[in-house]
Amino acid sequence: MEDRVVWKRAPVIIAFLCNWCSYAGADLAGTSRQQYPPSVRVIRVPCSGRVNPIYIIKALADGADGVMVSGCHPGDCHYLAGNMYARRRFAVLKKLLEISGMEPDRVHFTWVSASEGTRFAEVVRDVTDKVRALGPNALADGGSRYEL
Amino acid sequence: MSFETQQKELRDLCAALLRDGAVESVIGFGERSDSCCVCPPIAAKREKDAGKLAWNSRCVPNLAPYLPLRGKTAIVAKPCDARAVVNLIVERQIPRESVRIIGMDCAGMTGADGNPLRACAECGERRAPVADDIIANEISSRRELEDTRGEYSAKRFKDEMKKCILCFSCRQACYGCYCQTCFADRVLPNWQPAEPGFGAKMTYHLGRAMHLAGRCVECGACENACASGVDVRYIIRGVTEFIEKEYGFRAGIDIEASPVMQSCSMDDRNVGFWGGDERE
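Read on for a plain summary of the structure. (Residues numbered from 1 in each chain as written. Chains lettered and ligands numbered in written order. Predicted model: local features only at pLDDT ≥ 70, side-chain atom pairs only at ≥ 80, totals over all residues. Heavy atoms only, no water.)

1. What about unusual backbone geometry?
Thought 1: Look at the link from Leu67 of chain B to Pro68 of chain B: it is a cis peptide, with omega at -5 degrees.
Thought 2: The residue Pro68 of chain B is located in the loop between β3 (53-54) and β4 (73-77) in this model.
Thought 3: The peptide bond linking Leu188 of chain B to Pro189 of chain B adopts the cis configuration, its omega dihedral lying at -5 degrees.
Thought 4: Among the structural elements, Pro189 of chain B can be located in the loop between α5 (169-173) and α6 (198-211).
Thought 5: Positive phi, normally seen in glycine, also occurs at Arg33 of chain A, with a value near 55 degrees.
Thought 6: Secondary-structure assignment places Arg33 of chain A in the loop between α1 (22-31) and β2 (40-45).
Thought 7: Phi at Glu218 of chain B is positive, roughly 55 degrees, even though this residue is not glycine. (Helix = DSSP H or I, 4+ residues; strand = E, 2+ residues; numbered from the N terminus.)

Right under this line is the structure:
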(Lines give C-alpha, C1' and ligand atoms only; values in the text may rest on other atoms or scores of the structure.)
Protein backbone atom coordinates (compact mmCIF):
# COMPACT_ATOMS: atom_id res chain seq x y z
CA MET A 1 0.00 0.00 0.00
CA GLU A 2 1.43 3.34 -0.96
CA ASP A 3 1.96 6.12 1.55
CA ARG A 4 -0.96 8.38 2.02
CA VAL A 5 -0.17 12.00 1.40
CA VAL A 6 -0.89 14.09 4.47
CA TRP A 7 -1.95 17.69 4.08
CA LYS A 8 -2.32 19.84 7.17
CA ARG A 9 -3.15 22.90 5.08
CA ALA A 10 -4.44 23.73 1.64
CA PRO A 11 -1.90 23.47 -1.19
CA VAL A 12 -0.43 26.78 -2.30
CA ILE A 13 0.00 27.28 -6.02
CA ILE A 14 1.57 30.46 -7.32
CA ALA A 15 0.09 31.39 -10.69
CA PHE A 16 1.83 33.86 -12.98
CA LEU A 17 -0.79 35.06 -15.44
CA CYS A 18 -0.17 37.31 -18.37
CA ASN A 19 -2.12 40.55 -18.28
CA TRP A 20 -3.60 40.27 -21.77
CA CYS A 21 -4.91 36.72 -21.99
CA SER A 22 -4.71 34.51 -18.95
CA TYR A 23 -5.54 37.15 -16.36
CA ALA A 24 -8.58 38.09 -18.41
CA GLY A 25 -9.31 34.37 -18.76
CA ALA A 26 -9.22 34.01 -14.99
CA ASP A 27 -11.49 37.02 -14.73
CA LEU A 28 -13.91 35.42 -17.15
CA ALA A 29 -13.83 32.21 -15.14
CA GLY A 30 -14.90 34.26 -12.15
CA THR A 31 -17.61 36.32 -13.84
CA SER A 32 -19.04 33.20 -15.48
CA ARG A 33 -19.16 31.46 -12.08
CA GLN A 34 -16.82 28.62 -12.96
CA GLN A 35 -15.88 26.60 -9.90
CA TYR A 36 -12.21 26.01 -9.15
CA PRO A 37 -10.23 25.40 -5.95
CA PRO A 38 -9.01 28.43 -4.00
CA SER A 39 -5.42 27.16 -4.04
CA VAL A 40 -4.00 29.57 -6.60
CA ARG A 41 -2.34 32.85 -5.67
CA VAL A 42 -2.43 34.92 -8.83
CA ILE A 43 0.43 37.25 -9.75
CA ARG A 44 -0.29 39.41 -12.76
CA VAL A 45 2.63 39.93 -15.12
CA PRO A 46 2.72 41.97 -18.34
CA CYS A 47 3.57 38.92 -20.45
CA SER A 48 4.56 35.30 -19.87
CA GLY A 49 7.93 36.39 -21.31
CA ARG A 50 8.28 38.65 -18.29
CA VAL A 51 8.41 35.65 -15.95
CA ASN A 52 12.00 35.26 -14.91
CA PRO A 53 12.75 31.55 -14.32
CA ILE A 54 14.23 32.59 -10.99
CA TYR A 55 10.72 33.66 -9.87
CA ILE A 56 9.65 30.06 -10.23
CA ILE A 57 12.76 28.63 -8.57
CA LYS A 58 12.42 31.13 -5.75
CA ALA A 59 8.74 30.32 -5.25
CA LEU A 60 9.58 26.62 -4.94
CA ALA A 61 12.57 27.28 -2.68
CA ASP A 62 10.39 29.39 -0.41
CA GLY A 63 7.88 26.61 0.00
CA ALA A 64 5.20 27.02 -2.65
CA ASP A 65 3.69 23.62 -3.41
CA GLY A 66 3.22 24.33 -7.08
CA VAL A 67 3.76 27.00 -9.69
CA MET A 68 1.78 27.59 -12.83
CA VAL A 69 2.53 30.05 -15.58
CA SER A 70 0.00 30.90 -18.21
CA GLY A 71 0.16 33.20 -21.20
CA CYS A 72 -1.40 33.87 -24.55
CA HIS A 73 -1.46 31.13 -27.16
CA PRO A 74 1.57 31.20 -29.50
CA GLY A 75 0.91 33.75 -32.19
CA ASP A 76 -1.50 35.74 -30.02
CA CYS A 77 1.04 37.49 -27.81
CA HIS A 78 0.31 41.16 -27.18
CA TYR A 79 4.06 41.74 -27.56
CA LEU A 80 4.20 39.54 -30.69
CA ALA A 81 6.72 36.94 -29.54
CA GLY A 82 7.06 37.19 -25.76
CA ASN A 83 5.31 33.91 -25.13
CA MET A 84 7.50 32.08 -27.64
CA TYR A 85 10.68 33.16 -25.87
CA ALA A 86 8.94 32.05 -22.68
CA ARG A 87 8.14 28.68 -24.25
CA ARG A 88 11.82 27.83 -24.74
CA ARG A 89 12.66 29.13 -21.30
CA PHE A 90 9.94 27.06 -19.65
CA ALA A 91 10.81 23.90 -21.56
CA VAL A 92 14.40 24.25 -20.35
CA LEU A 93 13.35 25.14 -16.80
CA LYS A 94 11.05 22.13 -16.60
CA LYS A 95 13.90 19.90 -17.77
CA LEU A 96 16.22 21.51 -15.23
CA LEU A 97 13.77 20.92 -12.39
CA GLU A 98 13.37 17.29 -13.47
CA ILE A 99 17.15 16.85 -13.45
CA SER A 100 17.41 18.33 -9.98
CA GLY A 101 14.83 15.88 -8.72
CA MET A 102 11.76 18.07 -8.49
CA GLU A 103 8.50 16.26 -9.19
CA PRO A 104 7.51 17.31 -12.74
CA ASP A 105 3.88 17.85 -11.71
CA ARG A 106 4.74 20.76 -9.42
CA VAL A 107 5.40 23.17 -12.25
CA HIS A 108 2.94 23.72 -15.06
CA PHE A 109 2.94 25.94 -18.10
CA THR A 110 -0.01 26.45 -20.32
CA TRP A 111 -1.77 28.79 -22.69
CA VAL A 112 -5.12 30.30 -21.74
CA SER A 113 -6.72 32.97 -23.90
CA ALA A 114 -9.03 35.73 -22.65
CA SER A 115 -12.08 33.81 -23.85
CA GLU A 116 -11.15 30.51 -22.20
CA GLY A 117 -12.58 30.92 -18.72
CA THR A 118 -13.64 27.29 -18.74
CA ARG A 119 -10.15 26.17 -19.69
CA PHE A 120 -8.65 28.27 -16.90
CA ALA A 121 -10.91 26.61 -14.33
CA GLU A 122 -10.05 23.22 -15.80
CA VAL A 123 -6.31 23.93 -15.61
CA VAL A 124 -6.52 25.09 -12.00
CA ARG A 125 -8.58 22.05 -11.02
CA ASP A 126 -6.17 19.68 -12.71
CA VAL A 127 -3.02 21.36 -11.40
CA THR A 128 -4.43 21.42 -7.87
CA ASP A 129 -5.29 17.71 -8.10
CA LYS A 130 -1.79 16.88 -9.31
CA VAL A 131 -0.09 18.97 -6.62
CA ARG A 132 -2.40 17.56 -3.97
CA ALA A 133 -1.40 14.04 -5.00
CA LEU A 134 2.29 14.90 -4.59
CA GLY A 135 1.98 16.19 -1.04
CA PRO A 136 3.50 19.33 0.45
CA ASN A 137 6.69 20.68 -1.09
CA ALA A 138 9.54 18.90 0.69
CA LEU A 139 12.35 20.40 -1.36
CA ALA A 140 12.30 23.60 0.66
CA ASP A 141 13.98 22.83 3.97
CA GLY A 142 12.46 25.63 6.00
CA GLY A 143 8.98 24.28 5.53
CA SER A 144 6.27 26.29 3.94
CA ARG A 145 5.98 29.96 4.68
CA TYR A 146 2.38 29.76 3.63
CA GLU A 147 1.03 27.89 6.65
CA LEU A 148 -2.64 28.62 6.87
CA MET B 1 56.28 14.11 -26.47
CA SER B 2 53.69 16.08 -28.26
CA PHE B 3 53.26 18.80 -25.62
CA GLU B 4 56.84 19.99 -26.21
CA THR B 5 56.49 20.24 -29.98
CA GLN B 6 53.18 22.07 -29.56
CA GLN B 7 54.75 24.41 -27.01
CA LYS B 8 57.65 25.21 -29.34
CA GLU B 9 55.29 25.83 -32.24
CA LEU B 10 53.11 28.03 -30.01
CA ARG B 11 56.07 30.13 -28.84
CA ASP B 12 57.32 30.58 -32.41
CA LEU B 13 53.88 31.60 -33.62
CA CYS B 14 53.31 34.06 -30.76
CA ALA B 15 56.79 35.56 -31.16
CA ALA B 16 56.05 36.14 -34.84
CA LEU B 17 52.60 37.62 -34.12
CA LEU B 18 54.01 40.05 -31.53
CA ARG B 19 57.01 40.95 -33.70
CA ASP B 20 54.84 41.73 -36.72
CA GLY B 21 52.36 43.66 -34.61
CA ALA B 22 49.53 41.38 -35.75
CA VAL B 23 48.37 41.34 -32.15
CA GLU B 24 49.12 43.60 -29.20
CA SER B 25 49.13 40.86 -26.63
CA VAL B 26 48.79 37.11 -26.25
CA ILE B 27 46.79 35.61 -23.40
CA GLY B 28 48.27 32.25 -22.58
CA PHE B 29 49.45 29.93 -19.87
CA GLY B 30 52.62 30.71 -17.93
CA GLU B 31 55.07 28.29 -16.37
CA ARG B 32 53.81 26.92 -13.07
CA SER B 33 55.77 27.51 -9.93
CA ASP B 34 55.10 24.07 -8.51
CA SER B 35 54.16 20.75 -10.05
CA CYS B 36 50.87 20.66 -8.14
CA CYS B 37 49.77 24.11 -9.33
CA VAL B 38 47.86 24.85 -12.50
CA CYS B 39 49.53 27.04 -15.10
CA PRO B 40 48.63 30.64 -14.30
CA PRO B 41 47.29 32.89 -17.04
CA ILE B 42 49.77 35.44 -18.39
CA ALA B 43 49.56 38.14 -21.02
CA ALA B 44 52.63 38.36 -23.29
CA LYS B 45 53.01 41.84 -24.73
CA ARG B 46 56.55 41.77 -26.14
CA GLU B 47 58.29 39.35 -28.44
CA LYS B 48 60.65 38.11 -25.73
CA ASP B 49 57.67 37.29 -23.47
CA ALA B 50 56.54 34.66 -25.96
CA GLY B 51 59.18 32.34 -24.50
CA LYS B 52 57.30 32.39 -21.19
CA LEU B 53 54.23 30.76 -22.69
CA ALA B 54 53.75 27.18 -21.59
CA TRP B 55 51.73 24.28 -22.90
CA ASN B 56 51.51 21.15 -20.80
CA SER B 57 48.99 18.87 -19.16
CA ARG B 58 48.25 21.39 -16.39
CA CYS B 59 46.96 24.23 -18.60
CA VAL B 60 43.65 23.92 -16.80
CA PRO B 61 42.03 27.39 -16.54
CA ASN B 62 39.63 28.66 -19.15
CA LEU B 63 41.24 31.85 -20.48
CA ALA B 64 38.14 33.29 -22.16
CA PRO B 65 37.08 35.38 -19.09
CA TYR B 66 40.30 37.42 -19.45
CA LEU B 67 39.10 38.83 -22.76
CA PRO B 68 39.04 41.49 -23.97
CA LEU B 69 42.39 43.16 -23.37
CA ARG B 70 43.18 46.48 -25.02
CA GLY B 71 43.93 46.16 -28.71
CA LYS B 72 43.89 43.00 -30.73
CA THR B 73 44.51 39.98 -28.57
CA ALA B 74 45.50 36.44 -29.41
CA ILE B 75 44.30 33.78 -27.02
CA VAL B 76 45.82 30.35 -26.48
CA ALA B 77 42.70 28.25 -26.57
CA LYS B 78 41.91 24.67 -25.79
CA PRO B 79 38.84 23.47 -27.71
CA CYS B 80 36.60 24.44 -24.77
CA ASP B 81 38.23 27.87 -24.46
CA ALA B 82 37.79 28.43 -28.18
CA ARG B 83 34.10 27.55 -27.90
CA ALA B 84 33.82 30.00 -25.01
CA VAL B 85 35.42 32.76 -27.10
CA VAL B 86 33.11 31.98 -30.01
CA ASN B 87 30.10 32.15 -27.72
CA LEU B 88 31.26 35.49 -26.33
CA ILE B 89 31.47 36.74 -29.93
CA VAL B 90 28.00 35.32 -30.67
CA GLU B 91 26.67 37.15 -27.61
CA ARG B 92 28.33 40.39 -28.79
CA GLN B 93 30.54 40.62 -25.73
CA ILE B 94 33.73 40.94 -27.79
CA PRO B 95 34.10 41.96 -31.43
CA ARG B 96 35.30 39.22 -33.75
CA GLU B 97 38.14 41.37 -35.14
CA SER B 98 39.57 42.06 -31.68
CA VAL B 99 40.53 38.47 -31.01
CA ARG B 100 42.71 35.89 -32.71
CA ILE B 101 42.05 32.34 -31.57
CA ILE B 102 45.10 30.08 -31.44
CA GLY B 103 43.47 26.65 -31.31
CA MET B 104 45.53 24.07 -29.47
CA ASP B 105 44.74 20.44 -30.19
CA CYS B 106 44.04 19.05 -26.74
CA ALA B 107 43.93 15.53 -25.40
CA GLY B 108 42.57 16.66 -22.04
CA MET B 109 44.17 18.18 -18.98
CA THR B 110 45.08 16.41 -15.78
CA GLY B 111 44.64 17.13 -12.11
CA ALA B 112 47.43 17.43 -9.56
CA ASP B 113 47.41 13.64 -9.18
CA GLY B 114 48.02 13.08 -12.91
CA ASN B 115 44.55 11.70 -13.59
CA PRO B 116 42.41 13.35 -16.26
CA LEU B 117 40.06 16.04 -14.97
CA ARG B 118 36.41 15.06 -14.80
CA ALA B 119 35.35 17.50 -17.51
CA CYS B 120 38.22 16.39 -19.76
CA ALA B 121 37.40 12.71 -19.28
CA GLU B 122 33.85 13.47 -20.46
CA CYS B 123 34.97 15.64 -23.37
CA GLY B 124 35.14 14.37 -26.94
CA GLU B 125 36.35 17.64 -28.42
CA ARG B 126 39.94 17.49 -29.68
CA ARG B 127 40.23 20.48 -31.97
CA ALA B 128 38.75 23.97 -31.72
CA PRO B 129 35.70 24.19 -34.02
CA VAL B 130 36.53 27.81 -34.89
CA ALA B 131 40.14 29.05 -34.83
CA ASP B 132 42.45 31.40 -36.70
CA ASP B 133 45.52 29.26 -36.15
CA ILE B 134 45.70 25.58 -35.30
CA ILE B 135 48.63 24.10 -33.40
CA ALA B 136 48.12 20.52 -34.44
CA ASN B 137 48.79 17.33 -32.60
CA GLU B 138 48.53 13.75 -33.83
CA ILE B 139 45.58 12.95 -31.56
CA SER B 140 42.39 11.76 -33.22
CA SER B 141 39.72 14.34 -33.95
CA ARG B 142 36.88 13.05 -31.77
CA ARG B 143 36.51 10.08 -29.54
CA GLU B 144 33.55 8.05 -28.42
CA LEU B 145 32.54 8.48 -24.82
CA GLU B 146 30.92 6.25 -22.30
CA ASP B 147 27.80 7.46 -20.54
CA THR B 148 28.82 9.07 -17.25
CA ARG B 149 25.68 11.05 -16.60
CA GLY B 150 24.42 8.96 -13.72
CA GLU B 151 20.93 9.19 -12.32
CA TYR B 152 18.98 12.40 -11.95
CA SER B 153 17.30 12.32 -8.56
CA ALA B 154 16.37 14.61 -5.71
CA LYS B 155 18.78 12.69 -3.46
CA ARG B 156 21.73 13.30 -5.75
CA PHE B 157 20.92 17.00 -5.99
CA LYS B 158 20.54 17.34 -2.23
CA ASP B 159 23.79 15.45 -1.62
CA GLU B 160 25.67 17.76 -3.98
CA MET B 161 24.08 20.83 -2.41
CA LYS B 162 25.11 19.67 1.06
CA LYS B 163 28.76 20.06 0.03
CA CYS B 164 28.31 23.56 -1.38
CA ILE B 165 29.44 26.43 0.84
CA LEU B 166 28.11 29.18 -1.46
CA CYS B 167 31.55 30.70 -2.05
CA PHE B 168 30.59 31.49 -5.68
CA SER B 169 33.96 30.26 -7.01
CA CYS B 170 32.13 28.47 -9.82
CA ARG B 171 30.62 31.76 -10.92
CA GLN B 172 33.95 33.56 -10.76
CA ALA B 173 35.66 30.89 -12.86
CA CYS B 174 32.88 30.64 -15.44
CA TYR B 175 33.38 32.37 -18.76
CA GLY B 176 29.62 32.81 -19.13
CA CYS B 177 29.02 34.57 -15.81
CA TYR B 178 29.88 38.07 -16.99
CA CYS B 179 26.89 39.92 -15.51
CA GLN B 180 27.94 43.17 -13.85
CA THR B 181 25.86 42.25 -10.82
CA CYS B 182 25.01 38.59 -10.36
CA PHE B 183 21.45 37.84 -9.30
CA ALA B 184 22.94 36.11 -6.26
CA ASP B 185 24.56 39.39 -5.17
CA ARG B 186 21.46 41.50 -5.70
CA VAL B 187 19.95 43.16 -2.67
CA LEU B 188 16.83 44.43 -4.40
CA PRO B 189 15.23 42.05 -5.19
CA ASN B 190 16.99 39.80 -2.74
CA TRP B 191 16.91 36.37 -4.35
CA GLN B 192 19.28 34.73 -1.93
CA PRO B 193 18.07 34.09 1.60
CA ALA B 194 20.59 35.23 4.21
CA GLU B 195 20.72 31.77 5.68
CA PRO B 196 22.97 29.52 3.54
CA GLY B 197 20.53 26.64 3.66
CA PHE B 198 19.22 24.37 0.96
CA GLY B 199 16.86 27.04 -0.37
CA ALA B 200 19.71 29.48 -0.95
CA LYS B 201 21.85 26.85 -2.64
CA MET B 202 18.99 25.65 -4.78
CA THR B 203 18.15 29.21 -5.88
CA TYR B 204 21.77 29.91 -6.72
CA HIS B 205 22.58 26.69 -8.57
CA LEU B 206 19.31 26.39 -10.47
CA GLY B 207 19.31 30.11 -11.25
CA ARG B 208 22.84 29.88 -12.54
CA ALA B 209 22.01 26.77 -14.53
CA MET B 210 19.12 28.66 -16.15
CA HIS B 211 21.47 31.52 -17.03
CA LEU B 212 23.93 29.06 -18.58
CA ALA B 213 21.30 27.12 -20.50
CA GLY B 214 22.55 26.77 -24.05
CA ARG B 215 25.74 28.68 -23.22
CA CYS B 216 27.78 26.14 -21.27
CA VAL B 217 30.82 24.91 -23.22
CA GLU B 218 31.59 22.21 -20.66
CA CYS B 219 35.09 23.43 -19.92
CA GLY B 220 34.71 22.30 -16.31
CA ALA B 221 36.12 25.56 -14.92
CA CYS B 222 33.32 25.59 -12.32
CA GLU B 223 34.09 22.18 -10.89
CA ASN B 224 37.87 22.73 -11.10
CA ALA B 225 37.42 25.92 -9.08
CA CYS B 226 35.15 24.30 -6.51
CA ALA B 227 36.80 24.02 -3.12
CA SER B 228 34.39 21.43 -1.78
CA GLY B 229 34.22 19.08 -4.75
CA VAL B 230 30.62 19.74 -5.75
CA ASP B 231 29.65 18.31 -9.11
CA VAL B 232 28.16 21.69 -10.05
CA ARG B 233 28.10 20.87 -13.75
CA TYR B 234 25.83 17.84 -13.85
CA ILE B 235 22.55 19.76 -13.87
CA ILE B 236 23.83 22.17 -16.53
CA ARG B 237 25.04 19.21 -18.56
CA GLY B 238 21.58 17.69 -18.59
CA VAL B 239 20.15 21.00 -19.82
CA THR B 240 22.86 21.29 -22.49
CA GLU B 241 21.96 17.83 -23.77
CA PHE B 242 18.27 18.72 -23.81
CA ILE B 243 18.91 21.91 -25.79
CA GLU B 244 21.08 20.07 -28.28
CA LYS B 245 18.37 17.47 -28.80
CA GLU B 246 15.38 19.82 -28.84
CA TYR B 247 16.75 22.92 -30.57
CA GLY B 248 19.83 21.49 -32.30
CA PHE B 249 22.11 24.08 -30.72
CA ARG B 250 25.58 23.70 -29.26
CA ALA B 251 27.29 26.74 -27.82
CA GLY B 252 30.44 28.00 -29.48
CA ILE B 253 30.36 25.85 -32.62
CA ASP B 254 28.99 28.34 -35.13
CA ILE B 255 30.19 31.94 -35.06
CA GLU B 256 27.16 33.10 -37.10
CA ALA B 257 24.59 31.49 -34.80
CA SER B 258 22.14 33.42 -32.67
CA PRO B 259 21.96 32.46 -28.99
CA VAL B 260 19.40 29.71 -28.51
CA MET B 261 17.54 31.28 -25.58
CA GLN B 262 17.40 34.64 -27.36
CA SER B 263 15.62 33.17 -30.35
CA CYS B 264 12.24 31.55 -30.80
CA SER B 265 10.19 29.85 -33.45
CA MET B 266 6.53 29.07 -34.05
CA ASP B 267 7.66 25.49 -34.70
CA ASP B 268 8.97 24.92 -31.17
CA ARG B 269 7.23 22.14 -29.31
CA ASN B 270 5.37 22.72 -26.05
CA VAL B 271 7.76 20.45 -24.17
CA GLY B 272 6.50 19.60 -20.71
CA PHE B 273 3.43 21.81 -21.00
CA TRP B 274 0.04 21.23 -19.47
CA GLY B 275 -2.01 19.37 -22.03
CA GLY B 276 0.86 17.70 -23.85
CA ASP B 277 3.78 18.36 -26.15
CA GLU B 278 1.80 19.08 -29.31
CA ARG B 279 2.47 22.05 -31.57
CA GLU B 280 -0.17 24.72 -31.48
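2. What to know about the interface of chain A and chain B
Thought 1: Contacts between the two partners involve 42 residues from chain A, matched on the other side by 43 residues from chain B.
Thought 2: A combined buried area of about 3,800 Å² lies between chain A and chain B, and 70% of that area is made up of carbon and sulfur atoms.
Thought 3: Considering only the side of chain A, the residues that lose the most area to chain B are Arg87, Arg88 and Ile99 of chain A, jointly responsible for 21% of the buried surface there.
Thought 4: Across the chain A-chain B interface, the total number found is one salt bridge.
Thought 5: Among the salt bridges present, the one from Asp268 of chain B reaches Arg88 of chain A, with a minimum N-O distance of 2.9 Å.
Thought 6: Where chain A touches chain B, the interface holds 10 residue pairs in polar contact (both at pLDDT 80 or more).
Thought 7: With 15 residues, the top contributor of residues to the side of chain A that touches chain B is helix α3 (residues 82-99) of chain A. (Contact = heavy atoms within 4.5 Å. Buried area = accessible area lost by both parts, 1.4 Å probe. Salt bridge = Lys/Arg side-chain N within 4 Å of Asp/Glu carboxyl O. Polar contact = N/O pair within 3.5 Å; in protein donor to acceptor, adjacent residues only side chain to side chain.)

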